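Coordinates in review
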Amino acid sequence: AGLEMCVLCRDVTQPIPDDWTDAGWVNPTEELELTFALKQQNTDLLEEILRLVSDPDSAQYGKHLTLEEVSSLVHPTELTQKVVHHWLQSHGITNCLTVRTRDFLQCTMTAEVAEKLLPGSKFHRYIRDDHSLVRSSAPYSVHDDVHQHLDFVAGLHRLPPKGQDLRKASSNRKQKRSKAGLHLGVTPSILRARYNLTATDVGTAKNNSQAVAQFLEQYFNPADLAEFMGMYGRSFKHLSQVDRVVGIQGAGKAGIEASLDVEYIMSTGANISTWVFTNQGRHESQEPFLQWIVLLSNMSDLPWVHTISYGDDEDSLSTAFMMRINTEFMKAGVRGISLLFASGDSGAGCKHLGKGQNTFRPSFPASSPYVTTVGGTSFKNPFKITYEITDYISGGGFSNVFKMPDYQTVAATLPPPSYFNTSGRAYPDMAALSDNYWVVINRVPVPWVSGTSASTPVVGGMLSLINDQRMLKGRPALGFLNPRLYKLKGQALFDVTEGCHLSCLDEQVQGKGFCAAPSWDPVTGCGTPNYPALLAALLAE
């Protein structure tokens, strides 16, 4: 039997991180839920369709597919479905749910059964702060004849990254706090002034909607949202409640990240129906980000714009996992859904290779070629609405895994090439203010909240407003924006040309990563949105 085993090994390239404590072996009768990603068909064709429906110069532009059409394109072969089902049934696993595209199976089983199904796996409980999860402490293997039908099995290895402390992001900005009393701070009216939105720039289309997705152990408090809109939304028509929560909202205190996302997508994309996808924590073996991905393939009626403030180091994830997640992003894109990811709050990042050598450290999904990635900026003068400069935390760089897509051309002055992959997918694609936001949390207005998780819902809200105007004219949603965004060549955007973000503290780069420059750069992308100009450009036939 030894010869037929193929070690799929880990879905991650790193052992369990140090900040998780091993609380020992799980009881053999404990229920786990594992997710099986079945191999799909026609992924090359899917990529080609995405290119055609997203390129404004193509005759297929905007001719998006339904979930049913996506399903008939990518669903696994009969053989793949049969082999995987048979394998599970032979271990007595029958409690499985599938999705409309038939390429994911989520099955519950006991830990004992899971360890027999996936030889090598050993399920332990891990604890960080007050968060407890079940994962395998060792790599697993799968029979060769089954292995060829699977991309990965989830619920074994990946642990959620630690959320950024969004107030800490501000605490090292001492230079700006000297006259804190006078400081502007970012609110909906400041954003509307900077990006030239008027009081009439609100949604009116019936079939428009937007969403934020959150995967940290956090929830938003509806009372905070109502309070926020009462304080900051009086000058424009808005909604004060979320239309739909998908998933289970935790109890306890509201989280800053959750409040920030909802308050700012709903005050920028004002008066547009909003959904919140929140932590689906039914089992400790689940991966919340993957739960959201699976849901996208099971819901035919979804919001047109999703903004997500989530990321992990590219080098901590297996290529097989990232490739499959990219396919899932393409499945959303061909349906006309725009996915916006925050670029991260660690600048270029830094990985120590030893012997005094370092490289920058890209983040995923920010580095995916199939999403629109949003970086961050600050006001040049924090006491006035001025032009924008780089926010030094703004994540950006070049993927080490995905090549630069055809839609992208990059001509910026760059650091020494030993620090990054010059031919990789470069990000972010665009940016917005990410520094010193006011957020209402537990009924109290809190200043100094910063991070690209602020800029992402702001850009998302503006894209929702543009979708709104397109729908009123009977046009399709924007869908995957990047091919069209890069064809604008910076038109309709404010170009950010000052400032650098942080990176490795070493002799060669001395903490300086990439820098802003005329036109596209790996800190602020193509620039920040000048709403009326962007609306006109994206409404043009």
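In case you missed it, the structure is sitting above this.
Described below are features of the structure shown in this document. In this text the structure is predicted, and so the values were computed from the model without any measurement.

A short note on the side chain of Ser 309
With respect to the helices and strands, Ser 309 occurs in the loop between strand E13 (305–308) and strand E14 (312–313). The class for Ser 309 is buried, based on a relative accessible area of 18%. Within the structure, the side chain of Ser 309 is placed 3.3 Å from the side chain of Glu 257, a separation counted as a polar contact. Look past the residues within four positions of Ser 309 in its chain and what remains in contact with it is Ala 213, Glu 257, Asp 261, Ala 342 and Ser 453.

Observations regarding the state of the cysteines
Working definition: the covalent bond between the sulfur atoms of two cysteines is a disulfide. The tally for this structure, following the rule as stated, stands at three disulfides. Note on cysteine connectivity: Cys 96 is disulfide-linked to Cys 107, with sulfurs 2.2 Å apart. Residues Cys 96 and Cys 107 are joined through a disulfide that is right-handed, its torsion about the S-S bond being 110°. Remark: Cys 107 occurs in strand E5 (residues 104–110) and Cys 96 occurs in strand E4 (residues 96–98); sequence separation between them is 11 residues.

Let's talk about empty space enclosed by the protein
Enumeration over the complete set of coordinates arrives at eight cavities of 30 Å³ or more. Approximately 110 Å³ is the volume attributed to the largest cavity. Residue lining of the largest cavity: 13 residues in total, with Pro 160, Glu 287, Pro 288, Phe 289 and Tyr 310 positioned closest to the centre. With three residues, helix H10 (residues 288–296) is the largest single contributor of residues to the lining of the largest cavity. In the lining of the largest cavity, the residues fall into nine nonpolar, no polar and four charged. There is about 70 Å³ of room inside the second largest cavity. Every residue along the wall of the second largest cavity is listed here: Ala 213, Gln 214, Phe 215, Leu 216, Gln 218, Glu 257, Asp 261, Ile 308, Ser 309 and Tyr 310. Here the lining of the second largest cavity is composed, by residue class, of five nonpolar, three polar and two charged.

Some points on the sheet that holds strand E3 (residues 31–38)
In spatial order, the strands read E4-E5-E3-E9; together these four strands make up an open sheet with antiparallel pairing. The sheet is open, and its two borders are formed by E4 and strand E9 (150–154), each paired with just one other strand. Averaged over all neighbouring strand pairs, the angle between strand axes comes to 20°, with direction disregarded. In this sheet, E9 lies alongside E3 in antiparallel orientation, the contact comprising four bridges. Residue Phe 36 lies in a different strand from E9, and its bridge partner there is Val 153. Together, E3, E4, E5 and E9 form the strand contacts of helix H3 (residues 78–90), whose direction differs from that of E3 by roughly 160°. Relative to the sheet, helix H11 (residues 319–334) contacts E3, E5 and E9, its axis offset from that of E9 by approximately 100°.

Focus on the pairing of E13
Of the two faces of E13, the one holding Val 305 and Thr 307 and the one holding His 306 and Ile 308 are both buried throughout. As judged from the four bridges shared by strand E10 (residues 209–213) and E13, these two strands associate in the parallel manner. Bridging across to E13, Ala 211 finds its partner in His 306.

Quick notes on the packing of helix H12 (residues 452–472) against helix H14 (residues 531–539)
For the pair H12 and H14, the least separation of the axes is 10 Å and the interaxial angle reads 45°. As judged from the angle between their axes, H12 and H14 are oblique. For the pair H12 and H14, the sense of crossing is right-handed. Contacts between H12 and H14 involve Met 462, Leu 463, Leu 465, Ile 466, Gln 469 and Arg 470 from the first element and Tyr 531, Leu 534, Leu 535, Leu 538 and Leu 539 from the second. Of the residues in the contact of H12 with H14, the class split is nine nonpolar, one polar and one charged.

What about the nonpolar core?
Counting residues in each nonpolar core, the largest one holds 115 residues, and the members touching the most others are Phe 277, Phe 289, Trp 292, Phe 329, Tyr 437 and Leu 463. Trp 292 has contacts with Ala 213, Phe 215, Phe 277, His 306, Ile 308, Phe 329, Leu 339 and Phe 341, leaving out every residue within four places of it along the chain. Judged by nonpolar contacts, the second largest core, of 24 residues, contains Leu 34, Ile 93, Ala 114 and Tyr 140.

A few points about unusual backbone geometry
A cis amide bond links Phe 364 to the next residue, Pro 365, at an omega of 10°. Turning to its location among the elements, Pro 365 is positioned in the loop between strand E18 (363–364) and strand E19 (372–379). Cis geometry marks the peptide bond from Tyr 427 to Pro 428, where omega comes out at 5°. Position of Pro 428 among the secondary structure elements: in the loop between strand E22 (424–427) and strand E23 (430–433). Positive phi outside glycine occurs at Trp 448, with the angle close to 65°. Note on placement: Trp 448 falls in strand E25 (residues 444–449). With a phi angle near 50°, Gln 510 is a residue other than glycine that sits in the positive phi range. Its place among the elements puts Gln 510 in the loop between strand E27 (500–502) and strand E28 (512–515). Since its relative accessible area comes to 62%, Gln 510 is described here as exposed.

Rules behind the numbers
Residues numbered from 1 in each chain as written. Predicted model: local features only at pLDDT ≥ 70, side-chain atom pairs only at ≥ 80, totals over all residues. Heavy atoms only, no water. Helix = DSSP H or I, 4+ residues; strand = E, 2+ residues; numbered from the N terminus. Buried < 20%, exposed > 50% of the residue type's maximum accessible area, 1.4 Å probe, protein only. Polar contact = N/O pair within 3.5 Å; in protein donor to acceptor, adjacent residues only side chain to side chain. Contact = heavy atoms within 4.5 Å. Disulfide = S-S within 2.5 Å. 1 Å grid on protein atoms, 1.4 Å probe; cavity = no way out; pocket = protein on both sides within 12 Å on 5 of 7 lines; lining within 4 Å. Points joined across faces, edges and corners; volume = space filled by probe spheres on them. Nonpolar A, V, L, I, M, F, W, Y, C, P; charged D, E, K, R; others polar. Pairing = 2+ DSSP bridges. Axes fitted to C-alpha atoms, helices over the stretch in contact; angles between N-to-C directions. Parallel < 35°, antiparallel > 145°, perpendicular 65-115°, else oblique. Left-handed = near helix turned anticlockwise from the far one by under 90°. Core = buried A, V, L, I, M, F, W, Y, C linked by side-chain atoms within 4.5 Å.

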